[in-house]
Amino acid sequence: MTLEVRPASVFEDVRALVGPKSPGANVCWCLSYRLPSRLNNELRGPARGEYVGELCRGQPPPGVLAYDGGEAVGWAAVAPRSDTSFARSRTIPRIDDLPVWSLWCIRVRPGHRRRGISHALIAGAVEFARSHGAPVIEAYPLDNGDARVDTTMAYAGIRKNFERAGFSHAADTTSVLAGHPRVLLRLDLR
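From a predicted model like this one, the values you see are computed outputs, not experimental measurements.

What counts as what
Once a new chain begins, its residue numbering starts again from 1 and follows that chain's sequence as written. Since the coordinates come from a predicted model, pLDDT governs what is reported: local features require at least 70, and pairs of side-chain atoms require 80 or more to be given and counted, while whole-chain, interface and lining totals use all residues. Heavy atoms from the whole structure form the basis of all side-chain values; hydrogens and water molecules are not counted. Any pair of cysteine sulfurs within 2.5 Å is marked as a disulfide. Burial classes: relative accessible area under 20% of the type maximum marks a residue as buried, over 50% as exposed, and values in between as partly exposed (1.4 Å probe, protein chains only). Cavities and pockets are found on a 1 Å grid laid over the protein atoms alone: a cavity is a set of points where a 1.4 Å probe fits but cannot escape, a pocket is an open set with protein on both sides within 12 Å along at least five of seven lines, and a lining residue has an atom within 4 Å of such a point. Grid points are joined across faces, edges and corners, and a volume is the space filled by probe spheres set on the points. Strands here mean DSSP runs of E at least two residues long; helices mean DSSP runs of H or I at least four residues long; both are numbered from the N terminus. Gly is placed with the polar residues, together with every amino acid not listed as nonpolar (Ala, Val, Leu, Ile, Met, Phe, Trp, Tyr, Cys and Pro) or charged (Asp, Glu, Lys and Arg). At least two DSSP bridges between two strands are needed for those strands to be called paired. Only the stretch in contact is used when a helix axis is fitted, and all axes are lines through C-alpha atoms; the angle between N-to-C directions ranges over 0 to 180 degrees. Contacts: residue pairs with any heavy atoms within 4.5 Å of one another.

### Overview of the state of the cysteines
Using the criterion set out here, one finds 0 disulfides in the structure. C30 forms no disulfide, and the closest cysteine sulfur to it belongs to C105, at a distance of 3.6 Å. You can call C30 buried: its relative accessible area is 6%. Counting only cysteine sulfurs, C30 is the nearest neighbor of C56, a cysteine outside any disulfide, at a range of 11 Å. Residue C56 is classed as buried on the basis of its relative accessible area of 3%.

### Here we look at the layout of surface pockets
As a volume, the largest pocket reaches approximately 1,300 Å³. If you list the elements that add at least two residues to the lining of the largest pocket, you get α1 (11-18), β4 (101-108), α4 (117-131) and α5 (159-164). When residues of the lining of the largest pocket are assigned to their parent elements, the largest contribution, 5 residues, is made by β4. Considering only residue class, the lining of the largest pocket consists of 22 nonpolar, 12 polar and 9 charged. Reported here for the second largest pocket is a volume of approximately 160 Å³. In terms of lining, the second largest pocket is formed by R34, L35, Y51, L55, Q59, P60, P61, P62, V78, A79, P80 and D83. Looking at the lining of the second largest pocket, the elements with two or more residues in it are α3 (46-57) and β3 (71-80). Considered class by class, the residues forming the lining of the second largest pocket number 9 nonpolar, 1 polar and 2 charged.

### Quick look at the sheet that holds β4
If you trace the 7 strands from one edge of the open sheet to the other, you get β1-β2-β3-β4-β5-β7-β6, paired in mixed fashion. The open sheet is flanked by β1 (3-7) and β6 (168-177), the only strands paired with a single partner. Taking the axes of each pair of neighbouring strands and ignoring which way they run, one obtains an average angle of 25 degrees across the sheet. Bridge count for β3 against β4 is 7 bridges, and the pairing is antiparallel. Note on β4: the bridge partner recorded for P80 is W101. Strands in contact with α1 are β2 (63-68), β3 and β4; relative to β3, the strand with the most contacts, it is inclined by about 95 degrees. Contacts from α4 reach β1, β2, β3, β4, β5 (136-139) and β7 (180-188), with the element oriented near 150 degrees to β4.

This is the structure in C-alpha cells:
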C-alpha cells in the first residue's frame, strides 16, 4: 500500500467517499458542520453535491483525501473553525480567539480499514491546515476508552488516534455522539 494525502480538489473522488449511491439522496456530504443549519436543510438531493463541487473548486478545498495508488480511500474534513458551526457551538467550547482550524470528520472506505489510513488522514489534515497558515488545529473526537464505536458514528474520530498524532486535551465538552462524550483536542502548529 502506497498512501498519499492530497487536498480534496477532485470532486469525483470526494463524491466516492461522502456522496450518496443515488444522486437524489439527501445524505450528509460532510456538510452538516460546514453550513448553517437552515442552508443545510434547504440543500436537497443533487444541490448538495453541486455545493460540494463548488467547495472542491474553491480555495482552500474542503479537506483532504487519502489515495492508495490512484484510488481515493479516505476523507478528512478540515477548515477554519470560523467557517464551521463549531464557531457557534453551545456544546464544544471556544478556547481562545486564535484563527484555529477544525478537523471534524474522518472516513475510510470499507475494505480499506485497519490499514493506518485514518492516521495518514490526520497527519495530512494537520499539514494542510499548517500550509494554509493555521496556528492551531482542533479535533472533537469520541472519548470512548476501549469501548467499541459503531463505524457509522466513528466519523468524529477517536481520542487515542489524535493523541498518537500529537494532539492534547484542551477541554471537555457537553457534546455526546453515539453514547460517547466528545473531547476538544488541540495541536499547536507554530
